[in-house]
Structure formats: structure tokens, C-alpha cells
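Given next are the chains, with one letter for each unit.
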Amino acid sequence: MRILLSVLILGALLSAEAPIPRYEVKRATGRIVIDGTPDEKAWESASRMEFVFPWDTQTGARQKTTARLLWDDDNLYVAYECDDTDIVALHTERDDPTYLDDAVEIFINPKPSQTGVYFGLEMNARAVLYDYLMADARYAFKRFNMQGVKLATSIRGTLNMRGDEDKGWSLEVAIPWVNFEELAKRPVPGDVWTANLNRWDGVEPHRRLSMWSDPLQPQPHPHVPARFGQLVFVQDSK
Ligand SMILES: [Ca+2]
Ligand SMILES: [Ca+2]
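Residues numbered from 1 in each chain as written. Chains lettered and ligands numbered in written order. Predicted model: local features only at pLDDT ≥ 70, side-chain atom pairs only at ≥ 80, totals over all residues. Heavy atoms only, no water.

1. Remarks on the coordination of the calcium ion (ligand 2)
- Protein coordination at the calcium ion (ligand 2): the donors are Asp95 (OD), Asp95 (OD), Asp131 (O), Asp131 (OD), Lys142 (O), Phe144 (O) and Asn145 (OD1), at 2.2 to 2.6 Å from the metal.
- Within one chain, the residues donating to the calcium ion (ligand 2) are spaced in sequence as D-x35-D-x10-K-x1-F-N.
- For lysine 142, a relative accessible area of 33% translates into the label partly exposed. (Donors = N, O, S within 2.8 Å, 3.2 Å for Na, K, Ca; no water. Buried < 20%, exposed > 50% of the residue type's maximum accessible area, 1.4 Å probe, protein only.)

2. Section: the side chain of asparagine 75
- In this structure, asparagine 75 sits in strand S4 (residues 75-83).
- On the basis of relative accessible area, asparagine 75 is assigned to the buried category, the value being 13%.
- Among the polar contacts made by the side chain of asparagine 75, one reaches the side chain of tyrosine 77 at a distance of 3.1 Å. (Helix = DSSP H or I, 4+ residues; strand = E, 2+ residues; numbered from the N terminus. Polar contact = N/O pair within 3.5 Å; in protein donor to acceptor, adjacent residues only side chain to side chain.)

3. Looking at the coordination of the calcium ion (ligand 1)
- Protein-derived ligands of the calcium ion (ligand 1) are Val33 (O), Asp35 (OD), Thr37 (O), Glu40 (OE), Glu40 (OE), Glu172 (OE) and Glu172 (OE), with the metal-ligand distances lying across 2.3 to 2.6 Å.
- All donors to the calcium ion (ligand 1) come from one chain, and their sequence spacing reads V-x1-D-x1-T-x2-E-x131-E.

4. Side note on the environment of alanine 28
- By the secondary structure assignment, alanine 28 is in the loop between strand S1 (22-27) and strand S2 (49-50).
- What makes alanine 28 buried here is its relative accessible area of 15%.
- A C-alpha to C-alpha distance of 32 Å links alanine 28 and leucine 216, two positions 188 residues apart in sequence.
- Other than its neighbours up to four places away in sequence, alanine 28 contacts Ala42, Leu70 and Trp71. (Contact = heavy atoms within 4.5 Å.)

5. Here we look at the nonpolar core
- With 46 residues, the main nonpolar core has Leu69, Tyr80, Ile106, Leu121, Met123, Ile175 and Leu197 as its most contacted residues.
- Among the elements of the structure, S1, strand S3 (65-71), S4, strand S5 (103-109), strand S6 (117-124), strand S10 (168-176), strand S11 (192-203) and strand S13 (229-233) are those that each provide at least two residues to this core.
- Tallying contributions element by element places S4 first for this core, with 6 residues.
- Aside from chain neighbours lying at most four places away, what touches leucine 69 is Tyr23, Val25, Lys26, Trp43, Ala46, Met49, Leu76, Tyr77, Val78, Ile106, Leu197 and Leu231.
- By size, the runner-up hydrophobic cluster in this structure holds 6 residues, among which are Tyr130, Tyr132, Met134 and Phe228. (Core = buried A, V, L, I, M, F, W, Y, C linked by side-chain atoms within 4.5 Å.)

6. Looking at unusual backbone geometry
- At the junction of glutamate 204 and proline 205, the peptide bond is cis and its omega measures out at 5° in the coordinates.
- Structurally, proline 205 can be placed in the loop between S11 and strand S12 (206-211).
- Non-glycine residue alanine 137 carries a positive phi angle of around 55°.
- Judged by its relative accessible area of 22%, alanine 137 falls in the partly exposed class.
- In this structure, asparagine 160 takes a positive phi of about 65° despite not being glycine.
- Counting through the fold element by element, asparagine 160 comes out in the loop between strand S9 (150-156) and S10.
- Accessibility expressed as a relative area gives 29% for asparagine 160, which makes it partly exposed.

7. So, the side chain of serine 213
- Relative to the elements of secondary structure, serine 213 occurs in the loop between S12 and S13.
- Among the polar contacts listed, one links the side chain of serine 213 to the backbone oxygen of arginine 227, at a separation of 2.6 Å.
- If sequence neighbours within four positions are ignored, serine 213 has contacts with Pro21, Asn196, Arg227, Phe228 and Gly229.

8. Regarding the pairing of S1
- Judged from the 4 bridges that link them, S1 and S13 form a sheet pairing that is parallel. The partner of arginine 22 across the bridge, within S13, is glutamine 230. (Pairing = 2+ DSSP bridges.)

9. Regarding the pairing of S10
- The buried fraction of S10 is high, at 9 of 9 residues.
- By the alternation rule, side chains of S10 split into Gly168, Ser170, Glu172, Ala174 and Pro176 and Trp169, Leu171, Val173 and Ile175, which are all buried.
- As judged from the 9 bridges shared by S4 and S10, these two strands associate in the antiparallel manner. When the sheet's bridge partners are listed, leucine 76 is paired in S10 with isoleucine 175.
- As paired elements, S9 and S10 share 7 bridges and run antiparallel to each other. Bridging across to S10, lysine 150 finds its partner in alanine 174.

10. So, the pattern of salt bridges
- Using the criterion set out here, one finds 9 salt bridges in the structure.
- As a salt-bridge pair, arginine 48 and glutamate 81 come within 2.6 Å of each other at their nearest N and O atoms. Of this pair, arginine 48 sits in the loop between S1 and S2 while glutamate 81 sits in strand S4; the two residues are 33 residues apart in sequence, bridging distant segments of the chain.
- The class for arginine 48 is partly exposed, based on a relative accessible area of 48%.
- Judged by relative accessible area, glutamate 81 falls into the partly exposed class, the value being 26%.
- The residue arginine 199 makes a salt bridge to aspartate 84 at a minimum N-O spacing of 3.1 Å. In this pair, arginine 199 sits in strand S11 while aspartate 84 sits in the loop between S4 and S5, placing the two residues 115 residues apart along the sequence. (Salt bridge = Lys/Arg side-chain N within 4 Å of Asp/Glu carboxyl O.)

Have a look at this one:
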């Protein structure tokens, strides 16, 4: 009983230290061109979330990542901007393990009343997509392929050339709503989905996983749907 109480108190303390983040997803005011550079006017209204570094045991550089989201009648849009002095991505085929490269990710749960199933998109610096349906935060069904996803990256530096100094890279992705329809229809203003956004960075043995919402895990591990942040869809584009 005492142990249980201690665990509960510890859990409450940790939660108090790391509240679930909340992000307002605004409507896109204009067309977004998926070219890897989030410089369209519409992006200016989207606030930036900055990733945190939950694990001091990792030895990779702590390089900054910000992400922004927007929505319209057709898609959910995500833009990532990554500082990166050495951009490395080797995988080239759909559903390759892009998380082993310099990669950014989004895990999306369109129906937060359940946490048994969510969608994963893991995208490397050469815009290769590994997408899957995740069950029980454990089984990634990678043969599930999303329809109509568009993604592109823009690289400031030299891909896979070690030894010189790169600046960074950015990625834009558009995800059609139809992919989520078994769990949720296209959102309306006020709807809340949950998600986490992540980045794998660096080359073994010096890797680093940074995330939007800290999953509160002792070891680097991103698949904790109960700790996903809240995405609140709003009409306001200001
Ligand atoms: Ca663009
Ligand atoms: Ca797939």
C-alpha cells in the first residue's frame, strides 16, 4: 500500500511538473505549397511549439526543433524546422525505418476517448515516409499506407556529407482527413485530437530524441498515447 501510494504521489508530482501541452491549430488562410519551405503567408499565423529534450542519458547534440500546424477543409498541415549541423538520412523507400535517420514524426490520435489505436508518420530529411497504424502502443502495422499524403523537405546544407557544417532542414506535410475517417470525421472548430511530435537526430552512438510533450519515460521511448499533447482545432486564423 505504501509503495502504491508512493507511486501515485510520484506520478502526480511528475504530472504537475510536466503538464500536457495544448496547441491551437488555426485555419490556413491561403494555399500551402508542399515544397519543404514553410514560407507561405498562411504559416505566419501559426504559433510554434518547441521540442524538449527529456533524456539526459542521450549524448546527441541538443539541436532546436520547432513545429507548426494548420488545417483546412482538405488536410492537416505540419511544418517542422530543425537546426542541424550534420544532416544524415540514408533510407529511400516507403516504410523504411526512417526513424534511424535524421527524421521528424507525428503520432495522431483523432479520437482521444480511446488510446488503443493511433496513426504514426515518421519522415526523414529526404522526405521518405514510414507510416503505420499503431495498436496498443506496441504493434506498428506498416502495411497500412495513408492515402494522398504529400511531403517535401528543404535542406540548408549538404545531405550525407560528413565533416562540413550544415545549417538545418525543414519539412512540410499535408495529411488528407480521409485517412482518419474510421476514428473521426474532419474536425470542426472546438474539436480536440491528441498528438505527439518528435525528432530523431544525430548519428549512432550519439543520438537524441526530442519531443513536443514529454512522455515521462525513464528511457527514450515516444509511444505513450496518454501523454500526447492536445490539438485544439480553431476557426480563428489570427
Ligand atoms: Ca511551402
Ligand atoms: Ca505504411
